[in-house]
Every structure is written in structure tokens, then in C-alpha cells.
Amino acid sequence: MDRDELRNLLKSQDLNTVVPASFQQVGGSVFPDQRAAFSLADFGSIVDAFRAVHLPSYGSAIAQSAKNASINGNGDLLSVSGNAVAVVQAIQITTIGGDPSNCDVNLNGVLVANANADPAATQPVVLPYPLIVDSGSPLTITNSSSDLTLVCTYYLISQ
């Protein structure tokens, strides 16, 4: 395969759709040999372009991805799908009842915080560390009452 053939095969691809499986679908297995040495420089160019776009922001917030999620009572406060990864910045708890209320904040079923609210008050939930949520580890609320509302603010670091 020469350089022009490789470029023709990849011309419909862009940096958002290039994944290792793309090369297997387009060109099959690649076995470098002496003839292929010049064509491998094209792969290097693709890798360099991918790095230039994605590595400077790896682990950083994706611009304009900050959002809020809320729940009344028990259930998923935040769940993401696909390859999305979210970082929870803050959680607040609000109760409208006349008694102090509390609930449990869980990440993938593991208790990470006990949220407490005074009667008819809004208070922050103290998080022990940044909470990373992906499609396999939702942020859930348990042992809550219906007079509690929890709101979290988060941003995406991958989508």
C-alpha cells in the first residue's frame, strides 16, 4: 500500500471518528515491511494530529459541558452513557420538611457521603474527594425521603 492509497482510504475519516477499529475495517491488519516504511510515516502524522487535539486537554474540563442534575428522593442523581466521564464539582441538599433530614450518596453502590440538611434549609454536601462518574458507576441517592432534593453540578472530561 503506498502513501496515496492510505490517504484515499482515510480521507473520509476525521479526528473525531478515528479509532483503532477504523484501521482494521479500512485496511485490515498492518504488517510493517521494508516497502511499508514510507507509508508508516502517514500513521505517525495521524497519531501526532490526534495527540495535538486530545492530549493537551486530557483530564481537563470540556468547554461548555458544565451542567446540573437533580433528584427528589431515591435514585440516580447522575448517570452518563457511552464513553462520557463526568467530574462532580459540588452537591447540595435541600429539605422542605420541618425535621432534619439525611440521605446517603453512593458511587457505584459504595457509600461516599452522608448528606444532612436542617429543617427547611439548603446546605452543601461535603465530598471526601472528587467524584468521577462514568457509564459503569452512577452517582445514586439512597435512604432519602421525598421532601429532600439533591442537586449536583458537574462537567465532562470525556464524551
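The present account deals with the structure reproduced in this document. Please read these numbers as outputs of a predicted model, since none were measured by experiment.

## A word on the nonpolar core
Counting 27 residues, the largest nonpolar core has Leu78, Ile91, Val105, Leu139 and Leu150 as the members making the most contacts within it. Among the elements of the structure, strand S1 (67-72), strand S2 (75-78), strand S3 (85-95), strand S4 (101-107), strand S5 (110-117), strand S7 (131-134), strand S8 (139-142) and strand S9 (148-158) are those that each provide at least two residues to this core. Considering every element that reaches this core, the biggest residue donor is S9, with five residues.

## As for the sheet that holds S5
Taken in spatial order, the four strands line up as S2-S8-S4-S5 in an open sheet, and their pairing is antiparallel. Single-partner strands in this sheet number two, and they are S2 and S5. Taking each pair of neighbouring strands and ignoring which way they run, the sheet shows an average axis angle of 35°. Relative to S8, S4 runs antiparallel, the two sharing four bridges. Its bridge partner lying in S8, Val105 is registered against Ile141.

## A word on the side chain of Asp104
Mapped onto the elements, Asp104 comes out in strand S4. Lys67 is the oppositely charged side chain nearest to the buried, salt-bridge-free Asp104, at an N-O distance of 28 Å. Reaching out from Asp104, the side chain makes a polar contact with the side chain of Asn143 at a distance of 2.5 Å. Setting aside residues up to four positions removed in sequence, Asp104 forms contacts with Leu111, Ala113, Asn114, Thr140, Ile141, Thr142 and Asn143.

## Some details on unusual backbone geometry
A positive phi is found at Asn108, a non-glycine position, where the angle reads about 55°. In this structure, Asn108 sits in the loop between S4 and S5. One non-glycine residue with positive phi stands out, namely Ala120, at about 45°. Within the element layout of this structure, Ala120 appears in the loop between S5 and strand S6 (122-124). Its relative accessible area of 60% is what places Ala120 among the exposed residues.

Definitions and limits used
Residues numbered from 1 in each chain as written. Predicted model: local features only at pLDDT ≥ 70, side-chain atom pairs only at ≥ 80, totals over all residues. Heavy atoms only, no water. Core = buried A, V, L, I, M, F, W, Y, C linked by side-chain atoms within 4.5 Å. Buried < 20%, exposed > 50% of the residue type's maximum accessible area, 1.4 Å probe, protein only. Helix = DSSP H or I, 4+ residues; strand = E, 2+ residues; numbered from the N terminus. Pairing = 2+ DSSP bridges. Axes fitted to C-alpha atoms, helices over the stretch in contact; angles between N-to-C directions. Lys, Arg positive; Asp, Glu negative; His and termini not counted. Salt bridge = Lys/Arg side-chain N within 4 Å of Asp/Glu carboxyl O. Polar contact = N/O pair within 3.5 Å; in protein donor to acceptor, adjacent residues only side chain to side chain. Contact = heavy atoms within 4.5 Å.

All quantities given are derived from atomic positions and should not be read as evidence of function.
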